[in-house]
Amino acid sequence: MSYQINIVNWQDAEQQLKAVREKVFVFERRIPRNVEFDRHDRRAFHVLVVDKSTAEPIATGRITSQGEISRICVVISKRKTPVGKDVINTLLNIARRKKLKEVFINSSLDAVTYFAKHNFRPIGGVFMEAGVPRQRMICGLSDVSLKRFYLSH
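Worth saying up front: this structure is predicted, and the values here are computed from it rather than measured.

Rules used throughout
- Residues numbered from 1 in each chain as written.
- Predicted model: local features only at pLDDT ≥ 70, side-chain atom pairs only at ≥ 80, totals over all residues.
- Heavy atoms only, no water.
- Helix = DSSP H or I, 4+ residues; strand = E, 2+ residues; numbered from the N terminus.
- Rg over C-alpha atoms; globule rule 2.2 N^0.38 Å.
- Buried < 20%, exposed > 50% of the residue type's maximum accessible area, 1.4 Å probe, protein only.
- Contact = heavy atoms within 4.5 Å.
- Areas by Shrake-Rupley, 256 points an atom, 1.4 Å probe, with all protein chains shown as cover.
- Pairing = 2+ DSSP bridges.
- Axes fitted to C-alpha atoms, helices over the stretch in contact; angles between N-to-C directions.
- Core = buried A, V, L, I, M, F, W, Y, C linked by side-chain atoms within 4.5 Å.
- Salt bridge = Lys/Arg side-chain N within 4 Å of Asp/Glu carboxyl O.

Here we come to the overall build of the chain. Looking only at helices and strands, one finds four helices and eight strands in the chain. Tracing the chain from N to C terminus, the helices and strands come up as β-α-α-β-β-β-α-β-α-β-β-β. Relative to the 2.2 N^0.38 estimate, which gives 15 Å for 153 residues, the radius of gyration of the chain is 14 Å and therefore close to what a compact globule would have. In the chain, buried positions account for 50% of the 153 residues. Restricting the contact set of the chain to residue pairs at least 6 apart, pairs at least 24 apart contribute 65%. Total accessible area computed for the chain in this model is approximately 8,000 Å², and 50% of it derives from carbon and sulfur atoms.

See below:
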């Protein structure tokens, strides 16, 4: 499979970004639309991956200027490909270009161990987001060692 990775802004790629996130988060994960699409979308840096043969959007993720990585998703038919890892690596490259010192993710509790194995550490207490208990996990940009993606709302 051949795909193209693009760094896009919300205003130019809103329809494609929404198409992937609705499939994964709204329909598959049952995240309410008003939670899925938030005020950060307009200001975040987005990664959009498009299948070259079909021109269909297949993956996305975003990073805010504060270093929050979120909304990482890959359509179900492409989850066994390296596309998710490529989304994460592109987001980390954006963070490096922006000279961020650290990145963070609001992890579901079942993924805390996964992120801890990749040098993320918990910060603060558990909180609720979209009806799911979450833990903020932070990592110095030079210490990140993510080898695969994890669906991250």
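Right, picking up where we left off after that structure.
We now examine the sheet that holds strand β1 (residues 3–8). The strands making up a sheet are joined through hydrogen bonds of the backbone, oriented either antiparallel or parallel. With respect to topology, four strands assemble into an open sheet ordered β1-β2-β3-β4, the strand pairing being antiparallel. With one partner strand each, in any of the chains shown, β1 and β4 (69–74) form the two edges of the open sheet. Adjacent strand axes in the sheet meet at a mean angle of 15°, parallel and antiparallel pairs treated alike. Pairing between strand β2 (residues 45–51) and strand β3 (residues 57–63): six bridges, direction antiparallel. Bridge pairing in β3 links H46 to R62.

Further remarks concern unusual backbone geometry. What you tend to see is this: most non-glycine residues have negative phi, and most peptide bonds are trans. Positive phi, normally seen in glycine, also occurs at R30, with a value near 60°. Structurally, the position occupied by R30 is in the loop between α1 (10–28) and α2 (33–36). Positive phi outside glycine occurs at K99, with the angle close to 60°. Take K99: it is sitting in the loop between α3 (83–97) and β5 (102–108). The class for K99 is exposed, based on a relative accessible area of 69%.

Moving on, we come to the nonpolar core. V49, I63, L91, V103 and F120 are the most contacted members of the largest nonpolar core, which has 33 residues in total. Listed by contribution, the elements that provide at least two residues to this core are α1, β2, β3, β4, α3, β5, α4 (112–117) and β8 (132–140). Sort the elements by how many residues they give to this core and α3 lands first, with seven residues. Beyond its immediate sequence surroundings of up to four residues, V103 is in contact with I63, G67, I69, L92, A95, F120, M137, I138, C139, L141 and V144.

Here the focus is the pattern of salt bridges. Under the definition given, this model contains 11 salt bridges. Taking the shortest distance from any N to any O, the salt bridge between E14 and K18 comes out at 3.0 Å. Residue E14 and its partner K18 are both found in helix α1; the two are separated by four residues, about one turn of the helix. E36 is paired through a salt bridge with R21; the nearest N and O atoms lie 2.5 Å apart. Here E36, found in helix α2, pairs with R21, found in helix α1; they are 15 residues apart in sequence, far enough to count as distant. Judged by its relative accessible area of 0%, E36 falls in the buried class. Assessed through its relative accessible area of 0%, R21 is described here as buried.

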